[in-house]
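Topology and contacts: notes
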Amino acid sequence: MIIGLTGPIGSGKGTVADYLSKKGFTKYSLSDAIRDELAKRGEWPTRDNLIKTGNELREKHGFGILAERILEKIETDEKTGRKDFIVDSIRNPAEVKALRKRADFFMAAIDAPKKTRFARIKARARENEPQNWREFLRIDSAEVNGTSDASQRILDCMKMADAVVLNDTTQEDLFTKIDIMLHDLIQKEMQRPDADEYFLKIASVVAERSTCLRRHVGAVAVKNKQIIATGYNGAPSGLKDCTELGCLRDQMGIKSGTEQQICRAVHAEQNVIIQAAIHGQDISGATVYCTHSPCIICAKMLVNAKIKKFVTYTDYSDYAFQPLFDEAGIEIVKKKRPSNKINFLD
């Protein structure tokens, strides 16, 4: 589970993050990436410098760059067994979109009246924070109401939140609200997945067998709610793969989604058709669950295999399949990415 926090200065985001860290959540802040950059430059992390440098990083590397860097750290942590994370200081809508690629992401907006927030800031007396009302209003407006795509736009982020927690009374009351939110999230996480989520999750596990160096893709063919074949992208059976020989497409500088024939790998969708044929399974009328949408070559093969439905959660950068599937009457369904976590009572 990843809980993201957004909200204006003095709202109590840090207090919530600290509280959740005591409950076992690993804590990250998007501001950490900006502080790392300022340290490289030898600049002091004042609030103005944090705002300015954050905007520069978004302009240079993409508006969701801070979230993308944190997600990389989270994925590394998950390999060590960590499960729950808190991500503080979300300030740009692109950061929210980047984090929402994870199905287990939930965002809470923490808010409080301006005078309450200013009183808290004065009480904690941090060196780099505003200590007069005029300066507070200037910084608050700059962070909340940014107008450019690269700027801090906290108000827009708050509109994208899954829940808003009003922190306008005591800390004890705030923690009670967070406990209730956390309880509801855990209950929701334990709900039985529907069939689409179930088979998409299995496709994600199949993708772990991929030997591609660019992206791992998994596919599952299902008929009458029974799996009849699986496939992942990799070199033909018995031949050397890209983990040993390197990526031919990278070596030739070929863009993703183009010239698919220049690749030693068999695509996941192709392999699912082949495996069904090898084992004498009729794939016609089946639903194919795949981690990515198909390239045009795979789409043609799926049409000829006479599947009836294709379900995915990630777009591949070749969209020529869409009119082909429309013409063939193959239903295309785009679902939310299922959680990476395996939830069951043991």
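One structure accompanies this document, and this report is about it.

What counts as what
- Residues numbered from 1 in each chain as written.
- Predicted model: local features only at pLDDT ≥ 70, side-chain atom pairs only at ≥ 80, totals over all residues.
- Heavy atoms only, no water.
- Helix = DSSP H or I, 4+ residues; strand = E, 2+ residues; numbered from the N terminus.
- Buried < 20%, exposed > 50% of the residue type's maximum accessible area, 1.4 Å probe, protein only.
- Contact = heavy atoms within 4.5 Å.
- Areas by Shrake-Rupley, 256 points an atom, 1.4 Å probe, with all protein chains shown as cover.
- Pairing = 2+ DSSP bridges.
- Axes fitted to C-alpha atoms, helices over the stretch in contact; angles between N-to-C directions.
- Salt bridge = Lys/Arg side-chain N within 4 Å of Asp/Glu carboxyl O.
- Core = buried A, V, L, I, M, F, W, Y, C linked by side-chain atoms within 4.5 Å.
- 1 Å grid on protein atoms, 1.4 Å probe; cavity = no way out; pocket = protein on both sides within 12 Å on 5 of 7 lines; lining within 4 Å.
- Points joined across faces, edges and corners; volume = space filled by probe spheres on them.
- Nonpolar A, V, L, I, M, F, W, Y, C, P; charged D, E, K, R; others polar.
- Phe/Tyr/Trp six-rings, centres within 6.5 Å; stacked < 30°, edge-to-face > 60°.

A closer look at the overall build of the protein
Check the secondary structure of the protein and you find 15 helices and ten strands. Per-residue burial for the protein yields a buried fraction of 47% across its 346 residues. Nonlocal contacts in the protein, meaning residues at least 24 apart in sequence, comprise 64% of its contacts between residues at least 6 apart. As displayed, the protein offers around 18100 Å² of accessible surface, 50% of which is attributable to carbon and sulfur atoms.

Describing the sheet that holds strand E4 (residues 105-111)
The strand order E2-E3-E1-E4-E5 describes an open sheet built from five strands, whose pairing is parallel. In the strand order of this sheet, the two ends are held by strand E2 (26-29) and strand E5 (163-166), each with one partner. In this sheet, adjacent strand axes meet at a mean angle of 25° when their direction is disregarded. Strands strand E1 (2-6), E2 and strand E3 (85-88) of the sheet are contacted by helix H4 (residues 65-78), whose axis makes an angle of about 165° with E2. Contacts from helix H9 (residues 171-189) reach E1, E4 and E5, with the element oriented near 160° to E5.

Quick notes on the pattern of salt bridges
Using the criterion set out here, one finds 21 salt bridges in the structure. Across the pair Lys 223 and Asp 282 runs a salt bridge whose closest N-O atoms are separated by 3.6 Å. Here Asp 282 lies in the loop between helix H13 (268-278) and strand E8 (287-290) and Lys 223 lies in strand E6 (residues 218-223), a separation of 59 residues in the sequence. Classification of Asp 282 by relative accessible area gives partly exposed; the value is 47%. Here Asp 315 and Lys 334 are joined by a salt bridge, their closest N and O atoms 3.2 Å apart. One end of the pair, Asp 315, is in the loop between strand E9 (309-312) and helix H15 (321-328); the other, Lys 334, is in strand E10 (residues 331-334), with 19 residues separating them in the sequence. A single salt-bridge network, built from bridges that share partners, covers Glu 37, Arg 41 and Glu 56.

Details of the nonpolar core
Ranked by internal contacts, the top residues of the largest apolar core, which has 28 residues, are Val 87 and Ile 90. Those elements giving two or more residues to this core turn out to be helix H2 (31-41), helix H3 (47-61), H4, E3, helix H5 (93-99), E4 and helix H8 (154-159). Looking at which element gives the most residues to this core, the answer is H4, with six residues. Grouped together as the second largest cluster of nonpolar side chains are 21 residues, Val 217, Ile 273, Phe 310 and Phe 325 included.

Focus: empty space enclosed by the protein
Across all of its chains, the model carries one cavity of 30 Å³ or more by this definition. Space inside the largest cavity adds up to approximately 300 Å³. Counting residues per element, the ones that place at least two in the lining of the largest cavity are helix H12 (248-252) and H13. A class-by-class count of the residues in the lining of the largest cavity yields 13 nonpolar, six polar and five charged.

Things to note about the sheet that holds E6
Ordered by their spatial adjacency, five strands build an open sheet running E7-E6-E8-E9-E10, and the pairing between neighbours is mixed. Two strands lie at the open edges of the sheet, namely strand E7 (226-232) and E10, each paired on one side alone. On average, each strand axis in the sheet is tilted by 20° relative to the strand beside it, whichever way the strands run. Taken strand by strand, H13 contacts E6, E7, E8 and E9, and its axis lies near 130° from that of E7.

Focus: the packing of aromatic side chains
All told, the structure shown has eight aromatic pairs when counted by the stated rule. Taking 5.3 Å as the distance between ring centres and 75° as the angle between the ring planes, the aromatic pair formed by Phe 118 and Trp 133 counts as edge-to-face. Pair noted here: Phe 118 is in helix H6 (residues 114-124) and Trp 133 is in helix H7 (residues 133-144), with a separation of 15 residues, a long-range link. Here the aromatic cluster, defined as three or more aromatic residues joined through ring pairs, consists of Phe 118, Trp 133 and Phe 136.

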